[in-house]
Amino acid sequence: MEHKGDNRGDLILFYITNRTDVALIAEKYGVDRIWIDLEVLGKEARQENMDTVKSYHSVDDIEKIKRLLITSELMVRINSWYDGSDAEIEAVIRAGADVIMLPYWKTAEEVQNFLAAVNGRCKTSLLLETKEAVECIDYVLEQGGFDEIHIGLNDLHLSYGMAFMFELLADGTIEKLCEKFKASGIPYGFGGIAKLGDGLLPAEMVIMEHYRLGSTRAILSRTFCDNAKIGSIDEIDRVFRENIESLRKYEASLHSLSDSDFIKNKEKVAEIVKDIVLSIKSKEN
């Protein structure tokens, strides 16, 4: 089973940081996109009880990192569409963003407003993370005009009132969306991946699902390299080197697997997710 990416045949990796030293380390070891995160509107309220990354980056971070990058792209997640979006997009483009991501959209009109504001001046990415976005995705894909799409599991599972973000993987929601994206010829990805051997749902199993579903994009999660908890830049360098090397070797091993291997993994994912959800709900009761 061959994975058809649009880079090196491997997952295109995103890493969130506004630190120049960490960004350069990530680039050195092959991270494809350094991610500046400007989204603050409504995010704290949506994810207040979750142990998720809440960044406090600025437009100034875009310019200072962009000028240092050689091979990696600079991606910026702006705020969800609001009255100040046009001005925010102008500032982000002036600062040098290669890709702008629109989060938490709910209507095709918001998508079209976003695309009109960018006006082809850089790549555009839609972050699908609301049930309303799922409901209008057919029309959004029909309208087109954007470069890629990513499914955000944290907010999307909250939007559906689910207990665990990978329920979306186990119940077929992600698969149905991926089939729509594939039919439209739009590059796509979903969620993030932990370092190998980590994660409630093991990272290896999640990566296999990326390959089975034709996903070509993934966010490197905080557990991949939590630079906020590592004091030494040399240690950050070591962690990135070892974890990226392990990830790429594992990806290479997947090319020799059969379709039945991927189906077995899919079934095992469903079993593990079911057990995790039961555990979460038993603790809540």
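Everything in this summary refers to the structure shown in the same document. (Residues numbered from 1 in each chain as written. Predicted model: local features only at pLDDT ≥ 70, side-chain atom pairs only at ≥ 80, totals over all residues. Heavy atoms only, no water.)

Here's the deal with the sheet that holds strand 1 (residues 12–16)
Strands sit in the order 1-2-3-4-5-6-7-8 around a closed barrel of eight strands; the barrel is parallel. Mean inter-strand twist for the sheet, computed between neighbouring axes without regard to direction, equals 30 degrees. In terms of strand pairing, strand 1 meets strand 8 (residues 217–220) through three bridges, oriented parallel. The partner of Phe14 across the bridge, within strand 8, is Ile219. (Pairing = 2+ DSSP bridges. Helix = DSSP H or I, 4+ residues; strand = E, 2+ residues; numbered from the N terminus. Axes fitted to C-alpha atoms, helices over the stretch in contact; angles between N-to-C directions.)

Digging into the packing of aromatic side chains
For the structure on display, the rule yields five aromatic pairs. Ring plane angle 70 degrees and centroid distance 6.0 Å describe the contact between Phe14 and Trp35, whose orientation is recorded as edge-to-face. On the criterion of sequence distance, the pair formed by Phe14 in strand 1 and Trp35 in strand 2 (residues 33–37) is long-range, its members being 21 residues apart. For the pair shown, Phe14 and Trp35 are each scored as buried. Each residue in the set Tyr15, Phe224 and Phe240 is aromatic and connected to the rest through ring pairs, giving one cluster. (Phe/Tyr/Trp six-rings, centres within 6.5 Å; stacked < 30°, edge-to-face > 60°. Buried < 20%, exposed > 50% of the residue type's maximum accessible area, 1.4 Å probe, protein only.)

Let's talk about the environment of Ser159
Tracing the backbone through its elements, the reader meets Ser159 in helix 8 (residues 153–159). Residues Ser159 and Lys131, 28 residues apart in the sequence, show an inter-C-alpha distance of 5.9 Å. Residues within four places of Ser159 in sequence aside, it is in contact with Glu129, Thr130, Lys131 and Glu132. (Contact = heavy atoms within 4.5 Å.)

Section: the nonpolar core
If you look at the biggest cluster of nonpolar residues, it comprises 83 residues, and the most contacted ones within it are Ile100, Trp105, Leu128, Ile149, Leu201, Leu220 and Phe240. If you tally residues by element for this core, the top one is helix 12 (residues 233–254), at seven residues. In this structure, Trp105 is in contact with Glu110, Val111, Leu126, Leu127, Leu128, Thr130, Ala133, Cys136, Ile137, Val140 and Ile149, ignoring residues within four places of it in sequence. One finds Ile12, Met75, Val99 and Leu127 within the second-largest nonpolar core, a separate group that totals eight residues. (Core = buried A, V, L, I, M, F, W, Y, C linked by side-chain atoms within 4.5 Å.)

A short note on the pairing of strand 2
The element strand 2 is largely enclosed, with a buried count of five among its five residues. Two strands pair when backbone bridges link them, and strand 1 and strand 2 are joined in this way by three bridges, in the parallel orientation. In the sheet register, Tyr15 faces strand 2, and the bridge partner there is Ile34. Handedness of the strand 1-helix 1 (residues 20–28)-strand 2 crossover: right-handed. (Right-handed = clockwise from strand over helix to strand, strands pointing away.)

Points about helix 11 (residues 203–213)
By the criterion of burial, helix 11 is predominantly enclosed, with 10 of the 11 residues buried. Buried-residue contacts for helix 11 involve helix 9 (167–170), helix 10 (173–184), strand 7 (188–193), strand 8, helix 12 and helix 13 (259–284). Just downstream of helix 11, Gly214 is the residue with a positive phi angle, here 80 degrees.

So, the pattern of salt bridges
Counted by the stated rule, this structure contains 21 salt bridges. Here Lys64 makes a salt bridge to Asp61, at a shortest N to O gap of 3.1 Å. Note that Lys64 and Asp61 are positioned in helix 3 (residues 59–66) at a spacing of three residues, about one turn of the helix. A relative accessible area of 7% means that Asp61 is categorised as buried. Here Glu245 ties to Lys249 by a salt bridge, and the two come within 3.2 Å at their closest N and O atoms. Highlighted residues: Glu245 and Lys249, both in helix 12, separated by four residues, approximately one helical turn. The network of salt bridges with common partners includes Arg33, Glu73, Lys123, Glu148 and Arg217. (Salt bridge = Lys/Arg side-chain N within 4 Å of Asp/Glu carboxyl O.)

Topic: the pairing of strand 4 (residues 99–102)
Residues in a regular strand point their side chains to alternate faces of the sheet. Of the two faces of strand 4, the one carrying Val99 and Met101 and the one carrying Ile100 and Leu102 are both buried. Pairing of strand 3 (residues 73–77) with strand 4 involves three bridges; the strand directions are parallel. Looking across to strand 4, one finds that Met75 is bridged to Val99. For the crossover that starts at strand 3, traverses helix 4 (residues 85–95) and ends in the parallel strand 4, the hand is right-handed. When strand 4 meets strand 5 (residues 123–128), the two strands line up parallel, connected through four bridges.

By themselves, these figures tell us nothing about what the structure is for.
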